[in-house]
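Chain by chain, the residues run as shown.
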Amino acid sequence: MKEKISIVTIIIFYISFSIFYFINSNVKQVLKVITPAIVQIDINNNGIVDEDETICIPKITSYTSNLQYFKNEINTISTADGLAIGYLADEFANSILAYKEIKLKYNGIKKPQCTEAELFIENKDYSDLLKKSGFAIIDGKEIDKNAFEQIKLKAKKLHLVIYNHTSNKYHKLNCKYGQIAHDAVVLPEKDLPVNSTPCKFCHINASNKIKSEKKILLPPPTILTAGNIKVILTDFTEILKPDLNCNHSVCKEFVSLVDNTKETLDIALYGWTNIPKVKNAIKNAEKRGVNIRIIYDTQTSKENYYPDTENFIKEFKNTKSDEIPEKASLTNYLMHNKFAISDNKKVFTGSMNFSKTGFSGFNQNNILIISSPQIASIYTKEFEQMYSGKFHDLKKKASVLTVINSNGMNIEIYFSPQDKAITKRVIPLVNSAQKTIYIPAFLITHKELTTALINSYKKGVNIKIILDATNTGVRHSTVKELKQAGIPVKVENYAGKMHSKVIIIDNTYLITGSTNFSDSGENKNDENMLIIENPKIAKFYSDYFEYLWKKIPDKYLKFNPPAESKYSIGSCFDGIDNDFDGKIDKNDEGCK
């Protein structure tokens with residue numbers, strides 16, 4: 001009898017497990033909303049769009065402002081009205097689907113461009129939601145005529161234009177030149193870039209009026225010297241294509257640092273691109289007798305993220321990777337630092353990788369050049385640990401809380417993973433904030449930090465966050481929680497990455513360095529973080545943050561622009577794989 005009960009129990013468990021596995025294995029993430037009726041879904045869970053991952057909603061079409069897919073579904077309205085309605089339809093679809101987890105139910109029909117399937121989100125049929133919204137069209141007819149008429153009235157009030165990223169011109173919605181433009185999007189007039197110009201064919205009389213309504217947004221200073229620290233910020237809204245010319249101030253500063261090094265140069269780099277002036281400066285320093293030592297990340301070299309790294313380090317005798325043969329799991333962590341120490345006197349650090357997207361100013365980064373033997377000594381001790389083969393969990397905590405009073409400012413220095421700075425120091429600062437918290441960051445996935453930000457916001461602290469477009473849809477992103485709490489979060493819409501890892505608190509504290517606000521950044525990777533208590537530096541960065549905030553349209557408080565698409569300025573002609581799917585510019589679906 002007991003054997004029968006055991007067998008039945010096992011069978012029930014197996015059936016329950018199978019049902020649970022089937023339900024959860026059928027849950028997939030939406031990667032891109034092409035139109036309200038066409039979406040791309042991560043069916044194989046690899047984070048990128050592959051073949052057979054484009055899904056069409058059966059028997060339903062809709063207007064869209066995606067010019068590649070737009071067609072006038074109903075003959076009784078104009079093309080301009082159709083595009084305006086499509087803009088609202090796209091906003092609706094993105095609010096429902098973008099980066100959300102859904103379930104699919106295939107109907108067995110496969111078309112050349114897509115596979116048909118019903119989508120279910122939170123147990124609701126997306127087709128029903130689309131029909132009730134008034135945006136759905138079946139057989140050339142609107143489902144709800146009254147709702148459709150209300151949408152038409154709302155659409156007329158949007159003041160939309162077609163903006164061509166390549167020509168930097170904007171067109172009326174009925175302009176044939178705008179409609180056939182390759183790299184164009186539909187957006188509100190107020191969201192036009194400040195230096196855009198009107199199409200001379202369709203804005204003959206209205207161009208002066210539109211231009212006068214646009215406020216000229218002047219960029220704030222991007223270089224500040226305070227005491228013994230020089231801070232340099234890069235403006236990714238102005239540089240839309242990376243290069244190897246070393247014309248940007250960050251590149252010139254690094255070359256100057258190397259040129260003035262006399263004895264020792266220690267470099268910790270996550271990734272490397274051969275920029276002639278930078279590489280020559282380092283080689284010339286070696287010829288002068290400077291002792292060059294380099295530590296680097298194994299993965300960026302082996303997995304071709306930065307293909308120049310491997311050949312570069314072969315040119316020097318004193319190099320060390322973070323590969324730990326006997327502990328493969330530790331090798332999978334990142335040596336994510338980006339710093340250099342010159343003559344044990346100066347430290348060059350921040351969020352910038354030693355790459356063409358960094359040195360050209362293409363990515364938004366912040367760099368600090370600190371003239372301080374004391375701070376250089378602290379970084380050197382950390383470098384020595386790694387150079388001796390102690391990476392990641394093998395490192396020892398170099399010191400208790402490091403606070404240096406330097407030129408009237410307090411500077412705290414932390415290293416991951418040994419110091420646990422986010423938990424022990426950043427979160428308490430967030431908790432104690434009184435007025436403002438500004439965060440320009442590559443990503444936020446740290447759960448406890450997210451909770452602290454939400455709690456501070458509920459207490460009345462003014463919080464604003466700008467995040468990079470590639471990371472808002474990752475599975476551990478806490479963007480959804482932050483937005484649901486009411487915190488304004490904008491997703492950048494430029495080709496370059498929002499690559500900073502910064503928090504500015506009450507115009508007093510600046511938290512910066514290489515550490516992403518993630519569990520890996522705090523507990524696994526090799527990182528450095530500085531917390532600077534200095535109102536002058538904090539206010540300088542706050543002003544720059546406000547400038548970026550104004551340059552990113554308010555619509556991206558609600559919707560995430562795909563990183564490589566017509567909605568991400570410059571991303572379709574920068575020669576970079578912005579969304580890491582192996583496709584560049586015109587070969588990427590978002591740019592076709």
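Please read all numbers here as calculations on a predicted model, not as lab measurements.

Student: Provide a residue-level description of the sheet that holds strand S10 (residues 160–164), including the pertinent values.
Tutor: Here we have 4 strands laid out as an open sheet, ordered S12-S10-S11-S13, and mixed in their pairing. Of all strands in the sheet, those with a lone pairing partner are strand S12 (184–188) and strand S13 (197–198), marking the two edges. Bridge count for S10 against S12 is 5 bridges, and the pairing is antiparallel. Its bridge partner lying in S12, Leu-160 is registered against Pro-188. Against the sheet, helix H2 (residues 79–97) engages S10 and S12, with an angle of about 80 degrees to S12.

Student: I'd like to hear about the sheet that holds strand S9 (residues 141–142), residue by residue, with values.
Tutor: Pairing in this open sheet of 3 strands is antiparallel, and the strands run S4-S8-S9 from one edge to the other. The sheet is open, and its two borders are formed by strand S4 (61–62) and S9, each paired with just one other strand. Here S4 runs beside strand S8 (residues 136–138); their pairing, made up of 2 bridges, is antiparallel. Looking at the pairing, Thr-61 lines up with Ile-137 of S8.

Student: Explain a nonpolar patch on the surface to me, and be specific about the residues and the numbers.
Tutor: Among the surface-exposed residues, Tyr-177, Ile-180 and Phe-201 lie close enough to one another that they form a single nonpolar patch of about 350 Å² accessible area. Its place among the elements puts Tyr-177 in helix H5 (residues 176–179).

Student: Got a sec to walk through the packing of aromatic side chains? Specific residues and values, please.
Tutor: A complete count under the given rule lists 19 aromatic pairs for this structure. Between Phe-254 and Phe-359, the ring centres sit 5.6 Å apart and the planes meet at 45 degrees, which makes this aromatic pair tilted. In this pair, Phe-254 is assigned in helix H7 (residues 249–259) and Phe-359 in helix H12 (residues 356–359), connecting sequence segments 105 residues apart. Overall, Phe-254 belongs to the buried group, its relative accessible area being 1%. Residue class for Phe-359 comes out buried when judged on its relative accessible area of 1%. With centroids separated by 6.0 Å and ring planes inclined at 15 degrees, the aromatic side chains of Phe-383 and Tyr-387 adopt a geometry described as stacked. Of this pair, Phe-383 and Tyr-387 both sit in helix H13 (residues 373–387), 4 residues apart, roughly one helical turn. Overall, Tyr-387 belongs to the partly exposed group, its relative accessible area being 24%. Counting every residue linked through ring pairs, the aromatic cluster contains Phe-254, Phe-348, Phe-354 and Phe-359. Between the NZ or CZ atom of Arg-293 and the centre of the ring of Tyr-387, over which it lies, the distance is 4.9 Å.

Student: An account of the pattern of salt bridges is needed here, citing residue identities and associated values.
Tutor: In total, this model carries 21 salt bridges according to the counting rule given. Put simply, Lys-32 and Asp-588 hold a salt bridge, and the shortest N to O gap is 3.3 Å. Of this pair, Lys-32 sits in strand S1 (residues 27–35) while Asp-588 sits in the segment after helix H18 (535–551), and the two are 556 residues apart along the sequence. Between Arg-425 and Glu-412 there is a salt bridge, with its nearest N and O atoms 2.7 Å apart. Of the two residues, Arg-425 is situated in helix H14 (residues 421–432) and Glu-412 in strand S23 (residues 409–416); the sequence distance between them amounts to 13 residues. Overlapping salt bridges, with partners in common, bring together Lys-279, Lys-283, Glu-286 and Glu-315 in one network.

Student: Explain the state of the cysteines to me, and be specific about the residues and the numbers.
Tutor: Under the defined criterion, the tally for this structure stands at 3 disulfides. Here Cys-56 pairs with Cys-114 through a disulfide, and the sulfurs are 1.8 Å apart. Handedness here is read from the sign of the S-S torsion; for Cys-56 and Cys-114, about -105 degrees, the answer is left-handed. One end of the pair, Cys-56, is in strand S3 (residues 54–56); the other, Cys-114, is in the loop between strand S5 (101–110) and strand S6 (115–121), with 58 residues separating them in the sequence. The exposure class of Cys-56 is buried, given its relative accessible area of 8%. Residue Cys-246 pairs covalently with Cys-251 via a disulfide, S to S 2.0 Å. Taking the sign of the S-S torsion, -105 degrees for the link of Cys-246 and Cys-251, the bridge is left-handed. The residues Cys-246 and Cys-251 share a single accessibility class, namely buried. Here the bonded cysteines of the protein chain are numbered in sequence order, and their pairing is 1-2, 3-4, 5-6. For the unlinked cysteine Cys-175, the closest cysteine sulfur is that of Cys-202, found at 3.7 Å. Unpaired in this structure, Cys-199 has its nearest cysteine sulfur neighbour in Cys-202, at a distance of 3.6 Å.

Student: With reference to specific residues and values, describe helix H15 (residues 447–458).
Tutor: With 12 residues, H15 ought to run about 16 Å at 1.5 Å a step, and its terminal C-alpha atoms sit 17 Å apart, in line with that. Listing the buried residues of H15 in full gives Leu-449, Thr-450, Ala-452, Leu-453, Ile-454 and Ser-456. On the buried face of H15, the contacting elements are H14, strand S24 (436–441), strand S25 (462–467), helix H16 (479–484) and strand S27 (503–505). Residue Gly-460 follows H15 closely and has a positive phi angle near 105 degrees.

Student: How would you sum up the side chain of Thr-64? Please name residues and give values.
Tutor: Mapped onto the elements of the fold, Thr-64 is located in the loop between S4 and H2. Separated by 3.0 Å, the side chain of Thr-64 and the backbone nitrogen of Asn-66 make a polar contact. A polar side-chain atom of Thr-64 sits 2.9 Å from a polar atom in the side chain of Asp-90. Excluding residues that lie within four positions of it along the chain, Thr-64 makes contacts with Ile-34, Thr-35, Pro-36, Tyr-69, Phe-70, Leu-83, Gly-86 and Asp-90.

Student: Requested: an account of the nonpolar core, with residues and values cited.
Tutor: In this structure, Ile-229, Ile-375, Tyr-379, Ile-411, Ile-413, Ile-532 and Ile-537 are the most contacted members of the largest nonpolar core, which totals 49 residues. Elements represented by at least two residues in this core include exactly strand S14 (223–226), strand S15 (229–233), strand S19 (339–342), strand S21 (366–371), H13, S23, strand S29 (527–533) and H18. In terms of nonpolar packing, the next biggest core, distinct from the first, is built from 43 residues, Leu-67, Ile-77, Leu-88 and Leu-97 among them.

What counts, and where the lines are drawn
- Residues numbered from 1 in each chain as written.
- Predicted model: local features only at pLDDT ≥ 70, side-chain atom pairs only at ≥ 80, totals over all residues.
- Heavy atoms only, no water.
- Pairing = 2+ DSSP bridges.
- Helix = DSSP H or I, 4+ residues; strand = E, 2+ residues; numbered from the N terminus.
- Contact = heavy atoms within 4.5 Å.
- Axes fitted to C-alpha atoms, helices over the stretch in contact; angles between N-to-C directions.
- Patch = residues over 30% accessible without salt bridge, like charges linked within 9 Å, V, L, I, M, F, W, Y side chains within 5 Å.
- Areas by Shrake-Rupley, 256 points an atom, 1.4 Å probe, with all protein chains shown as cover.
- Salt bridge = Lys/Arg side-chain N within 4 Å of Asp/Glu carboxyl O.
- Phe/Tyr/Trp six-rings, centres within 6.5 Å; stacked < 30°, edge-to-face > 60°.
- Buried < 20%, exposed > 50% of the residue type's maximum accessible area, 1.4 Å probe, protein only.
- Lys NZ or Arg CZ within 6 Å of the ring centre and 35° of its normal.
- Disulfide = S-S within 2.5 Å.
- Expected span 1.5 Å × (residues − 1).
- Polar contact = N/O pair within 3.5 Å; in protein donor to acceptor, adjacent residues only side chain to side chain.
- Core = buried A, V, L, I, M, F, W, Y, C linked by side-chain atoms within 4.5 Å.

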